[in-house]
Amino acid sequence: LQVCQHRQEHVVANHLDDLKQTLVAGLAFCCPQAKRNRLRCLGAVALLLHETDPGGFKETVQSFISEIVLGTKEVNTKTRGTAYDLLVATAHGFEAQDDGTFQAMMAARRRKEMGETDSLEGFFTMVMSGLAATSTTMVGATVLALARLVFEFSAALVSLVP
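Residues numbered from 1 in each chain as written. Predicted model: local features only at pLDDT ≥ 70, side-chain atom pairs only at ≥ 80, totals over all residues. Heavy atoms only, no water.

1. Quick notes on the environment of Val139
You can see Val139 is positioned in helix α9 (residues 136–152). Considered as a pair, Val139 and Leu70 are 69 residues apart in the sequence and their alpha carbons are 9.1 Å apart. Here Val139 is in contact with Gly130, Leu131 and Ala133, once residues within four sequence places are set aside. (Helix = DSSP H or I, 4+ residues; strand = E, 2+ residues; numbered from the N terminus. Contact = heavy atoms within 4.5 Å.)

Spelled out as structure tokens, the structure:
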């Protein structure tokens, strides 16, 4: 986790697959004191994947979105802040794929027709899936996460609402 925190990209890039497997395997065993560092590590991995492998970025976000959303309900304020920062940074990563050019709009339209969700709208859909959870904690965390995202991206969402 220390390597990820200091964003040593060359080390993370060389061991990216091992790191992703370790993060997935360690989810059940993560103690509350380590959640902030774990979220920081997730952020470093997501940032590197966004720059090098957009498909891997989407896959990684899908596998860890529930952990990020649940982090918004953490008691520790630093962990909660890290979760909100990671949530917004991840949304910006999805937004960067929709840069407003004609080619990007046409590609987004094709992806939407094929049911793919690698745009900002798709990210909101991923987060909203937490509203269907059976746990009240997850539903509450999803509401908090959506409130933060709507606050941050209100200008981008105007085009989605008729």
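2. Some points on the pattern of salt bridges
Under the counting rule described, the total for this entry stands at three salt bridges. A salt bridge links Arg38 to Glu67; the shortest N-O distance between them is 2.6 Å. On the criterion of sequence distance, the pair formed by Arg38 in helix α4 (residues 35–52) and Glu67 in helix α5 (residues 54–70) is long-range, its members being 29 residues apart. What makes Arg38 buried here is its relative accessible area of 5%. Here Arg148 and Glu152 are joined by a salt bridge, their closest N and O atoms 3.0 Å apart. Residue Arg148 and its partner Glu152 are located together in helix α9, separated by four residues, close to a single helical turn. Taking relative accessible area as the criterion, Arg148 reaches 26% and is therefore assigned partly exposed. (Salt bridge = Lys/Arg side-chain N within 4 Å of Asp/Glu carboxyl O. Buried < 20%, exposed > 50% of the residue type's maximum accessible area, 1.4 Å probe, protein only.)

3. Some points on a nonpolar patch on the surface
There is a patch of nonpolar side chains on the surface, built from Met128, Leu131 and Val143 and spanning about 250 Å² of accessible area. Topologically, Leu131 is positioned in the loop between α8 (120–128) and α9. With relative accessibility at 40%, the residue Leu131 sits in the partly exposed group. (Patch = residues over 30% accessible without salt bridge, like charges linked within 9 Å, V, L, I, M, F, W, Y side chains within 5 Å. Areas by Shrake-Rupley, 256 points an atom, 1.4 Å probe, with all protein chains shown as cover.)

4. Digging into the nonpolar core
By size, the foremost hydrophobic cluster in this structure holds 33 residues, and its most contacted members are Leu87, Phe123, Val127 and Leu149. Contributing elements (two or more residues each) for this core: α3 (16–25), α4, α5, α6 (77–96), α8 and α9. Those residues in contact with Leu87, other than ones at most four positions away along the chain, are Ile65, Ile68, Phe123, Val127, Ala145 and Leu149. (Core = buried A, V, L, I, M, F, W, Y, C linked by side-chain atoms within 4.5 Å.)

5. Examining the packing of α5 against α6
Between α5 and α6, the shortest axis-to-axis distance is 12 Å and the interhelical angle comes to 150°. As judged from the angle between their axes, α5 and α6 are roughly antiparallel. Where α5 crosses over α6, the handedness of that crossing is left-handed. Of α6, the residues touching α5 (which contributes Phe57, Lys58, Val61, Ile65 and Ile68) are Ala83, Leu86, Leu87, Thr90, Gly93 and Phe94. Its residues placed into classes, the contact of α5 with α6 shows eight nonpolar, two polar and one charged. (Axes fitted to C-alpha atoms, helices over the stretch in contact; angles between N-to-C directions. Parallel < 35°, antiparallel > 145°, perpendicular 65-115°, else oblique. Left-handed = near helix turned anticlockwise from the far one by under 90°. Nonpolar A, V, L, I, M, F, W, Y, C, P; charged D, E, K, R; others polar.)

6. Some words on the packing of α6 against α8
At a closest axis distance of 7 Å, the pairing of α6 and α8 adopts a crossing angle of 145°. Between α6 and α8, the contacting residues are Leu87, Thr90, Ala91, Phe94 and Glu95 on the first element and Leu120, Phe123, Met126 and Val127 on the second. Considering only residue class, the contact of α6 with α8 consists of seven nonpolar, one polar and one charged.

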